[in-house]
Amino acid sequence: MSRHTRCRQGGFTLLEVIVSIALFALVMGIVYSGFTTAVRAYDAAERRVDEIERVRVVSAFIRRSVGGAHALAIAVRREWTLQFDGASQRLRYITDLPGYVGLGGVHEVVLELASNGAQHDLVMRRRALAFSRIGEIEGEYETRVLAEHISGFTMRFYGPMADDEAPDWYEQWASAKRMPLLVELAIVPSDAPPWPLLQVHAQVDSIHYVNTPNAGAGVPKEGEAVAAPPTQPGTQPGT
């Protein structure tokens, strides 16, 4: 056997080494690409599950609290005020809060958008139902963020404003004598698809009157109007 033949059998040529390295790099690139794609898909699925859970929890809370809003009129400086103020982007009402959101019991609740730097959050402001000497609700609000990065939050209200009116949709609820039949809430995140439209059936019981000792208002008789809740300038009912 010649010396040349013995050299060929003892190792690889430079070309073979280069080809092997190239093939190895190609295979590792394919494996890494597949791995990173799988990780991104997993992260996206996890974020989607978290978003769905957040939508479910917040929607359930809104349905429960708004659906349980009390038809309550409070005497303030001898005038009755229905404690339900509904505008297109703000809702104030009286409801029972469950213990899992903190201190349970009857609270005044406000739902609205709040600025947080360059973004907006859907927040709940709440305070326990306590009255001042003249009958006004007093105390500091506690604020909780229900959903972050919200670009749109609008509401509509359905029902008859007065006894002689047919039910209709309004951007503002300003009835002095009754609660709406439905409250519709549309929530649009800035970084996700819009939430499912919420339509909440409100309580339609007769008004309950709460008179504090120093407010000094007599309970209205049947058919007697109470003072209308405050309205926001420039906002008119619409279909």
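Residues numbered from 1 in each chain as written. Predicted model: local features only at pLDDT ≥ 70, side-chain atom pairs only at ≥ 80, totals over all residues. Heavy atoms only, no water.

A.B. asks: Would you mind going over the sheet that holds strand 11 (residues 198-201) with me for this structure?
C.D. replies: The pairing of strands in a sheet comes from backbone hydrogen bonds and takes either a parallel or an antiparallel form. Spatially, the four strands line up as an open sheet ordered 9-8-10-11, and their pairing is antiparallel. Bordering the open sheet on either side are strand 9 (168-170) and strand 11, each of which pairs with just one other strand. Strand-to-strand, the axes of this sheet are offset by a mean angle of 25°, without reference to chain direction. Taken together, the eight bridges between strand 8 (residues 150-159) and strand 10 (residues 182-189) define a ladder with antiparallel strand orientation. Along strand 10, the bridge assignment pairs Phe153 with Ile187. (Pairing = 2+ DSSP bridges. Helix = DSSP H or I, 4+ residues; strand = E, 2+ residues; numbered from the N terminus. Axes fitted to C-alpha atoms, helices over the stretch in contact; angles between N-to-C directions.)

A.B. asks: Just to check I follow, could you spell out the nonpolar core for this structure?
C.D. replies: Buried together is how nonpolar side chains tend to be arranged in soluble globular proteins. Judged by nonpolar contacts, the single largest core of 31 residues is most densely connected at Ile62, Phe84 and Leu111. For this core, the elements supplying multiple residues, two or more each, are helix 2 (14-67), strand 4 (90-97), strand 5 (105-116), strand 6 (119-128), strand 7 (142-147), strand 8, strand 10 and strand 11. Excluding residues that lie within four positions of it along the chain, Ile62 makes contacts with Gly67, Leu111, Leu122, Leu185, Ile187 and Leu198. Membership of the second largest hydrophobic core comes to five residues, among which are Ala73, Ala75, Trp80 and Ile207. (Core = buried A, V, L, I, M, F, W, Y, C linked by side-chain atoms within 4.5 Å. Buried < 20%, exposed > 50% of the residue type's maximum accessible area, 1.4 Å probe, protein only. Contact = heavy atoms within 4.5 Å.)

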